[in-house]
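Here is how the chains run, residue by residue.
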Amino acid sequence: MGVLDRVDSPADVRACTPQEAAELADDIRAFLIQKVAATGGHLGPNLGVVELTLAIHRVFESPTDPILFDTGHQCYVHKIVTGRKDRFDSLRQEHGLSGYQDRGESPHDWVESSHASAALSNADGLSKAFELRGEDRTVVAVVGDGALTGGMCWEALNNIAEGDRPVVVVVNDNGRSYAPTIGGLARNLSALRLQPGYERFLKSGRRRLKSLPVVGGPAYAVLHGMKSGVKDLVSPQAMFADLGIKYVGPVDGHDLVEMEGALRRAKAFGGPVIVHAVTRKGNGYAPAENDVAEQMHATGKIDPATGKALAESPEDWTSVFSAALVDEGGRRDDVVAITAAMPGPTGLSAFGDRYPTRMFDVGIAEQHGMASAAGLALGGMHPVLAIYSTFLNRAFDQLLMDVALLKMPVTLVLDRSGITGPDGPSHHGMWDLSLLNIVPGMRVAAPRDAVRVREELGEALDVADGPTAVRFGKGCVPQDIAALRRLDDGVDVLVEDQEMVGGVLIVAVGSLVQVGIDTAALLRERGVAATVVDPRWVLPVPASIVALAREHTSVVTIEDNGVEGGVGSAVELALDQAGVDVPVHRRGVPQQFISHASRDAILDECGLTAPAIADAIAGPVRTTRLTARS
Ligand SMILES: Cc1ncc(C[n+]2csc(CCOP(=O)(O)OP(=O)(O)O)c2C)c(N)n1
Ligand SMILES: CC(=O)[C@@H](O)[C@H](O)COP(=O)(O)O
Ligand SMILES: [Mg+2]
């Protein structure tokens, strides 16, 4: 019977002796490796915060003292000690435990978004509310060094420093986002990781100096006087102290006693404090520690003994794009690439390896990345900003006002567009088409297969008078889908019924083109004629879509995007503006927050399958039951 077996609440964690707490950390580490190996998830980040999270729960009293995890991918230990350890077999699965904080699971969870760099702002607001309500509660926010490269963190710190509200910011500094964290901030922090025992270094230096005859005393006095100078040199105290926020650290984030001591000092201070914990992603698990590229930031199902993936991943959209961009980079030296701390997951690593001076990692800073891309374009380059679709939300104003207003040739490559699945509501890429649809001059491509990724990326890079976007989904790329013919404006006709006139025009988008083709086959079985087209460049709506609509009795649009404001809405408006009085049936993701599950299960729930759409067109309308978030 291990200590973990009798821990079901933060009170149980606080009741542990220091020895028991150390054993609990070992139990939790073993638990994480065993469970996450079986389900997949963020193993590296959570192995890095075992002691840090236990120390927080031993010093503060959740949920009276809210504990917020920035980005939330590192909250598994928090979940284990707040009564959810028995649910880890369902991690990131339909109706199972979320991989992020989830208010529906526990009062110990306060926020839910997986978008980085927001927790300090949440903490600032929470602490202001407690102050106004006269509640003596400390807000604790855990933020990674990667998330700290997000500008919103500094906006928040600027406000937190204004007051004397009890906000404890725990910087979980493991030197990494996926890859090593970049930029001036990282350099400032990393000086520290070279000497995590900074305090011990000073203490031993003090002892040695004092023991020296004659010179020891004066030398010590000089060093003591220099201390803040020395400390600033090798520690980022100045970075925070200049903001007016007390700084505690650096602390070994894997030393439970030292971590607790630092947190108790921070709590006693009673105002805004930074506790700077130096940790190691993947700590205590060799396959993660030795994963040079990403320290097992996120894994699929693995063999816990070796860390090796249990299944080979087939060719995915990202790898097709990655190779295509390297080719384009060879053809054109004005092409440059920008990543927001995700060179690996977005496929830019290969480009960066080949063209190191033409690849920029801006940190978790999509807003800056977009505005910097505008600058690169102003300077005569053609930037490719590769980010996940859901993170485009962060950079919308910069797209509108720094890129589109100036008609800058910036190409956005939006990976993970559409329903992604296990990462849940804040990770589905279900907003990009709706956002891009309202940007004047924006041209958007949605490739249906690998051939079209290469083709449409090349076409995007050839556009010199405005922004373009190429969006594709998560996971394996389908077999190539050939067209019967291509219309003058680039629209591909995939299915047409020579014997029957009229019928349904199916406008299928990107990864759901095959669903459109399968729907047409089901309709034909029921005697309903259908034409299937892939616009390829889906926004603005090509003229031939309007012309084709005139020849059909109805139009059905199928897209892996929110149903509001996407391609379906744009087609509806285009027909209306052209005076084409043909009904448009929009099939898309319901405009709701949709919980985690597999992509296929969610698409089925959303009715984005051929049988469901065929029923809706030729048979009884089916209501879609969604595991919608309340
Ligand atoms: C706005 C935003 N951009 C990108 C991501 C993708 N992402 C998830 S975790 C992560 C790295 C986070 O690094 P850090 O904050 O240091 O936490 P660690 O994983 O090191 O614990 C990134 C880039 C995100 N969640 N949010
Ligand atoms: C927490 C975060 O935002 C990323 O780690 C995300 O979970 C990665 O998603 P993919 O697994 O689709 O790359
Ligand atoms: Mg980090």
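Residues numbered from 1 in each chain as written. Chains lettered and ligands numbered in written order. Predicted model: local features only at pLDDT ≥ 70, side-chain atom pairs only at ≥ 80, totals over all residues. Heavy atoms only, no water.

An unreviewed UniProt entry annotates the protein as 1-deoxy-D-xylulose-5-phosphate synthase of Gordonia hydrophobica. Regarding the protein, the relevant UniProt record gives this comment under Sequence similarities (unreviewed entry): "Belongs to the transketolase family. DXPS subfamily." According to the UniProt record, the Function (unreviewed entry) comment for the protein is "Catalyzes the acyloin condensation reaction between C atoms 2 and 3 of pyruvate and glyceraldehyde 3-phosphate to yield 1-deoxy-D-xylulose-5-phosphate (DXP)." (UniProt positions renumbered as here; feature names shortened; annotations may be inferred.)

Attention now moves to the coordination of the magnesium ion (ligand 3). By definition of the ideal shapes, four donors in a tetrahedron about a metal sit 109.5 degrees apart, and six donors in an octahedron sit 90 or 180 degrees apart. The protein atoms that coordinate the magnesium ion (ligand 3) are Asp145 (OD), Asn174 (OD1) and Arg176 (O), at distances of 2.0 to 2.2 Å. Counting residues between consecutive donors of the magnesium ion (ligand 3) along the chain gives the motif D-x28-N-x1-R. One exposure class covers both Asn174 and Arg176, and it is buried. (Donors = N, O, S within 2.8 Å, 3.2 Å for Na, K, Ca; no water. Buried < 20%, exposed > 50% of the residue type's maximum accessible area, 1.4 Å probe, protein only.)

Topologically, Ser544 is positioned in helix 22 (residues 543–550). If near-sequence neighbours (up to four positions away) are discounted, Ser544 is found in contact with Leu487, Asp489 and Val491. (Helix = DSSP H or I, 4+ residues; strand = E, 2+ residues; numbered from the N terminus. Contact = heavy atoms within 4.5 Å.)

The biggest cluster of nonpolar side chains holds 54 residues, and the ones touching the most others in it are Leu392, Leu399, Leu412, Leu436 and Val555. One finds Phe31, Leu47, Leu54 and Tyr76 within the second-largest nonpolar core, a separate group that totals 52 residues. (Core = buried A, V, L, I, M, F, W, Y, C linked by side-chain atoms within 4.5 Å.)

Neighbouring ligand 1 are 22 residues; His73, Ser114, Gly146, Arg176 and Glu366 lie closest to it. For ligand 1, whose accessible area on its own is 580 Å², the fraction buried by protein is 98%. (Near = heavy atom within 4 Å. Areas by Shrake-Rupley, 256 points an atom, 1.4 Å probe, with all protein chains shown as cover.)

UniProt tags residues 315–479 as "domain: Transketolase-like pyrimidine-binding" (unreviewed entry). As a span, residues 315–479 carries 39% helix and 16% strand, and end to end its C-alpha atoms are 10 Å apart.

Moving on, we come to the UniProt feature "binding site: thiamine diphosphate" (unreviewed entry) in the protein. UniProt tags His73, Ser114, His115, Ala116, Gly146, Ala147, Asn174, Tyr285 and Glu366 as "binding site: thiamine diphosphate" (unreviewed entry). For the residues just named, distributed over 294 residues, the greatest C-alpha separation reaches 31.5 Å, placing them at more than one site. Tracing the backbone shows Ala116 in the loop between helix 5 (76–84) and helix 6 (119–132). When its relative accessible area of 8% is taken as the criterion, Ala116 is described as buried. On the secondary structure map, Asn174 appears in the loop between strand 3 (167–173) and helix 8 (183–193).

Let us now look at the site of ligand 2. Surveying the vicinity of ligand 2 reveals the residues His42, His73, Tyr100, Tyr178, His297, Tyr388, Phe391, Arg416, Asp423, His427 and Lys474. At 2.8 Å from an oxygen atom of ligand 2 is found a side-chain nitrogen or oxygen belonging to Arg416. Lys474 has a polar side-chain atom sitting 2.8 Å from an oxygen atom of ligand 2. Protein coverage of the free-state accessible area of ligand 2, which is 360 Å², stands at 89%. (Polar contact = N/O pair within 3.5 Å; in protein donor to acceptor, adjacent residues only side chain to side chain.)

Right, let's talk about the environment of Ser544 for a bit. For Ser544, a relative accessible area of 12% puts it in the buried group. For the pair formed by Ser544 and Leu487, sequence separation is 57 residues and the distance between their alpha carbons is 7.4 Å.

All right, on to the sheet that holds strand 9 (residues 411–415) then. Remark on secondary structure: sheet strands pair via backbone hydrogen bonds, oriented parallel or antiparallel. Judged by pairing direction, the sheet is mixed, and its 7 strands sit side by side in the order 7-6-8-9-11-10-16 without closing on themselves. At either margin of the open sheet sits one strand with a lone partner, and together these are strand 7 (359–361) and strand 16 (537–539). On average, each strand axis in the sheet is tilted by 25 degrees relative to the strand beside it, whichever way the strands run. Here strand 10 (residues 443–445) runs beside strand 16; their pairing, made up of 2 bridges, is antiparallel. The residue of strand 16 that forms the bridge with Val444 is Leu539. Contacts between helix 14 (residues 317–331) and the sheet are confined to strand 6 (335–339), strand 8 (382–388) and strand 9, with strand 8 contributing the most and set at about 165 degrees to the helix. (Pairing = 2+ DSSP bridges. Axes fitted to C-alpha atoms, helices over the stretch in contact; angles between N-to-C directions.)

Turning our eyes to something else, we now look at the sheet that holds strand 15 (residues 530–534). The mixed open sheet is built from 6 strands, whose spatial order is 12-13-15-14-17-18. Edge positions in the sheet fall to strand 12 (485–486) and strand 18 (584–589), since each has one partner strand and no second. Across 4 bridges, the pairing between strand 14 (residues 504–508) and strand 15 is parallel. When the sheet's bridge partners are listed, Ile506 is paired in strand 15 with Val532. This element, helix 23 (residues 567–578), spans strand 17 (554–562) and strand 18 of the sheet and lies at about 160 degrees to strand 18.

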